[in-house]
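Letter by letter, the chains look like this.
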Amino acid sequence: MGPALTQTTMKKLVLCLILAWVCLSARAQQSFMRWGAIDTKDLAMKVYPADSSASAAILGSFCYTTFNYNEGRFQVSYQYHYRIKILKKEGYQWANVQVPLYTSNGGQSHEKIRDIKGATYNLDPGGSLQKTELGEKSTFSEVVTKRQGERISLTKFALPSIKEGSIIEYSYTVDSDYITILNAWEFQRAIPVRKSEYQIKMIGELGYMSLMQSNLPFTTIPDQKDDQQGGQNEPFRWAQENVPAYVTERYITTPDDYISKIQFQLMNYTFPGNPRKEVLSTWKKTITELWENFNYGGFVKRKGATKELVSRLVAGQNNEKDKMAAIFSYVKSNFKIKNNSGIYATISPKELMDKREGYKHEINLLLVNMLREADLNASPILLSTRPHGKIFKNYPILERFNHSIAYVKIGEEEFLLDATHPMLPIGM
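What comes next is a walk through the structure. Note that the coordinates shown come from a computational prediction; the quantities given were computed from them, not determined experimentally.

## Section: the overall build of the protein
Part 1 of the reasoning: A tally of helices and strands in the protein yields seven helices and 20 strands.
Part 2 of the reasoning: Here the C-alpha coordinates of the protein stretch approximately 85 × 55 × 40 Å along the principal axes.
Part 3 of the reasoning: Residues classed as buried in the protein amount to 48% of the 428 residues present.
Part 4 of the reasoning: Just so you have it, the protein exposes about 21,400 Å², and 49% of that area is on carbon and sulfur atoms.
Part 5 of the reasoning: Across the protein, the mean location of the 53 positive side-chain charges is 2 Å away from that of the 44 negative side-chain charges.

## Observations regarding unusual backbone geometry
Part 1 of the reasoning: One non-glycine residue with positive phi stands out, namely Asn105, at about 55°.
Part 2 of the reasoning: Among the secondary structure elements, Asn105 is positioned in the loop between β4 (96-104) and β5 (109-123).
Part 3 of the reasoning: Positive phi outside glycine occurs at Ser161, with the angle close to 55°.
Part 4 of the reasoning: Among the structural elements, Ser161 can be located in the loop between β8 (150-158) and β9 (167-176).
Part 5 of the reasoning: Classification of Ser161 as partly exposed rests on a relative accessible area of 41%.

## Some thoughts on the packing of aromatic side chains
Part 1 of the reasoning: All told, the structure shown has 22 aromatic pairs when counted by the stated rule.
Part 2 of the reasoning: Between the aromatic rings of Tyr170 and Tyr172, the centroid separation amounts to 6.4 Å while the plane-to-plane angle is 5°, which identifies the pairing as stacked. Each member of the pair, Tyr170 together with Tyr172, is buried.
Part 3 of the reasoning: Feature note: the residues Tyr78, Tyr80, Tyr82, Phe157, Tyr170, Tyr172, Trp185, Tyr198, Trp238 and Phe264 constitute an aromatic cluster, connected by ring pairs.
Part 4 of the reasoning: Above the ring of Phe294, the side-chain terminus of Arg302 is found at 4.0 Å from the ring centroid.

## Things to note about the pattern of salt bridges
Part 1 of the reasoning: By the definition in use, this model includes 14 salt bridges.
Part 2 of the reasoning: Glu133 is the salt-bridge partner of Lys131, the closest N and O atoms lying 3.5 Å from each other.

## Concerning the environment of Ile116
Part 1 of the reasoning: On the secondary structure map, Ile116 appears in strand β5.
Part 2 of the reasoning: A sequence separation of 58 residues divides Ile116 from Val174, and the C-alpha atoms of the two residues are 9.7 Å apart.
Part 3 of the reasoning: Not counting the four nearest positions on each side in its chain, Ile116 is found in contact with Leu134, Thr139, Thr155, Phe157, Ser171 and Tyr172.

## Describing the pairing of β8
Part 1 of the reasoning: Sheet topology note: the β4/β8 ladder contains eight bridges and is antiparallel. Bridge pairing in β8 links Pro100 to Leu154.
Part 2 of the reasoning: Of the strand pairs in this sheet, strand β7 (residues 139-147) and β8 are connected by eight bridges, and their pairing is antiparallel. Counterpart to Lys146 in the pairing with β8 is Arg151.

## Re the side chain of Glu169
Part 1 of the reasoning: Looking at where Glu169 falls in the secondary structure, it is placed in strand β9.
Part 2 of the reasoning: Since its relative accessible area comes to 0%, Glu169 is described here as buried.
Part 3 of the reasoning: A polar atom in the side chain of Glu169 sits 2.9 Å from the side chain of Tyr121.

## Looking at the sheet that holds strand β20 (residues 413-417)
Part 1 of the reasoning: Spatial ordering of the open sheet is given by β18-β19-β20, a layout of three strands whose pairing is antiparallel. Either end of the sheet is taken by a strand with one partner, and the two such strands are β18 (377-383) and β20. Neighbour-to-neighbour, the strand axes of the sheet open up by a mean angle of 30°, direction not taken into account.
Part 2 of the reasoning: The pairing of strand β19 (residues 403-410) with β20 spans five bridges and is antiparallel. When the sheet's bridge partners are listed, Lys409 is paired in β20 with Glu414.
Part 3 of the reasoning: Contacting β19 and β20, helix α5 (residues 320-334) runs over the sheet at an angle of about 5° to β20.

## Some remarks on helix α4 (residues 307-314)
Part 1 of the reasoning: Taken residue by residue, α4 has Leu309, Val310, Leu313 and Val314 as its buried positions. All buried residues of α4 project into a common sector of 120° when viewed along the axis, lining one side. Structural note: α4 exposes Lys307, Glu308 and Arg312 on the side pointing more than 90 degrees away from its buried face.
Part 2 of the reasoning: Those residues of α4 that are buried are in contact with α5, α6 (349-355) and α7 (360-373).
Part 3 of the reasoning: Two residues or fewer after α4 comes Gly316, characterised by a positive phi angle close to 85°.

Parameters at a glance
- Residues numbered from 1 in each chain as written.
- Predicted model: local features only at pLDDT ≥ 70, side-chain atom pairs only at ≥ 80, totals over all residues.
- Heavy atoms only, no water.
- Helix = DSSP H or I, 4+ residues; strand = E, 2+ residues; numbered from the N terminus.
- Buried < 20%, exposed > 50% of the residue type's maximum accessible area, 1.4 Å probe, protein only.
- Areas by Shrake-Rupley, 256 points an atom, 1.4 Å probe, with all protein chains shown as cover.
- Lys, Arg positive; Asp, Glu negative; His and termini not counted.
- Charge placed at Lys NZ, Arg CZ, Asp CG, Glu CD.
- Phe/Tyr/Trp six-rings, centres within 6.5 Å; stacked < 30°, edge-to-face > 60°.
- Lys NZ or Arg CZ within 6 Å of the ring centre and 35° of its normal.
- Salt bridge = Lys/Arg side-chain N within 4 Å of Asp/Glu carboxyl O.
- Contact = heavy atoms within 4.5 Å.
- Pairing = 2+ DSSP bridges.
- Polar contact = N/O pair within 3.5 Å; in protein donor to acceptor, adjacent residues only side chain to side chain.
- Axes fitted to C-alpha atoms, helices over the stretch in contact; angles between N-to-C directions.
- Arc of directions from axis to C-beta.

Below you can see the structure in the form of structure tokens.
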């Protein structure tokens with residue numbers, strides 16, 4: 001999910017569309033599945049025809065995305081609707097639903113969930129349909145990450161009366177203040193999908209670029225000749241049918257780099273009564289902004305906090321390589337690593353030195369700070385780890401990055417350092 005508009009904020013593209021349409025209203029849209037309209041043939045299904053090994057199959061998945069402007073800020077709403085066939089006990093996990101919700105800026109920017117509805121359908125011995133609805137008290141929330149004004153919580157619910165042969169159905173809406181990068185919609189999942197559809201209703205004040213990733217055919221896709229000035233005022237639709245399950249293979253980065261999906265990145269926006277403002281930047285401008293950011297470039301350039309320690313570490317070292325090695329060894333051995341990583345430091349160099357504990361990227365930013373304190377030619381390198389996925393080279397989308405390492409140049413030699421793995425030597 002992208003940061004709120006008020007914050008400073010790929011894959012090989014099969015399709016890239018520029019979306020800056022002037023659509024006026026955002027009326028509710030019906031899913032292609034009518035709630036509760038369960039086909040008894042699907043309930044009687046023992047094996048999914050297109051994949052006999054499947055433990056479950058998504059009979060239908062649907063998302064409708066709309067926007068509104070309220071109390072001086074833009075918001076986005078996602079209406080979700082799922083229908084899933086449970087075929088084997090291994091497929092029971094699909095009846096346990098978890099919805100992540102993000103809060104930041106001390107609660108000023110947040111996401112909330114509403115209109116949760118769910119039901120399980122079974123056939124009784126006589127062949128009649130039995131429906132068990134999700135109870136009102138079956139939903140609960142759990143905070144999984146909390147740090148300095150930010151929080152990630154999970155809203156959880158489990159569909160009742162699950163057994164082999166059941167069909168589950170659930171829907172909910174998420175309202176979000178985060179409009180810079182919209183929630184990705186995945187047409188392909190770890191189990192086969194009969195039909196998946198995504199719809200989005202644009203408003204003229206927000207201009208988006210769509211990032212499409214798919215090697216599979218679409219049954220519905222926006223016509224390039226559609227009137228981009230509002231015209232019929234209809235949502236734009238993408239749909240795929242008979243999508244095979246994605247199977248993870250060895251040596252790939254992450255399934256997120258390969259599954260069929262669509263995501264939207266904000267390019268520009270217009271507050272009522274104000275001129276249009278561009279959001280999508282260039283690499284050169286982004287690097288400048290990062291270097292000037294207090295919690296990135298400002299962190300590594302800050303003087304004083306590590307001066308005394310660095311002086312002790314490099315005392316008696318005869319050359320720059322030895323100084324680099326001494327500082328690198330100290331950082332690797334004296335800080336506790338917290339697993340989460342990111343881009344920006346959440347504490348100052350002094351606080352990090354006092355606590356002796358920090359996130360992975362913070363430890364490496366401190367390493368750069370100390371190397372520079374020793375008058376070495378050091379800079380941070382921003383990257384994305386393999387589980388996080390590939391970056392999008394054509395546009396500087398910072399959310400595609402999740403880690404920083406240190407770069408040092410001594411004479412004509414270049415070195416990469418990562419102090420978050422105790423066994424890693426210089427250069428790895």
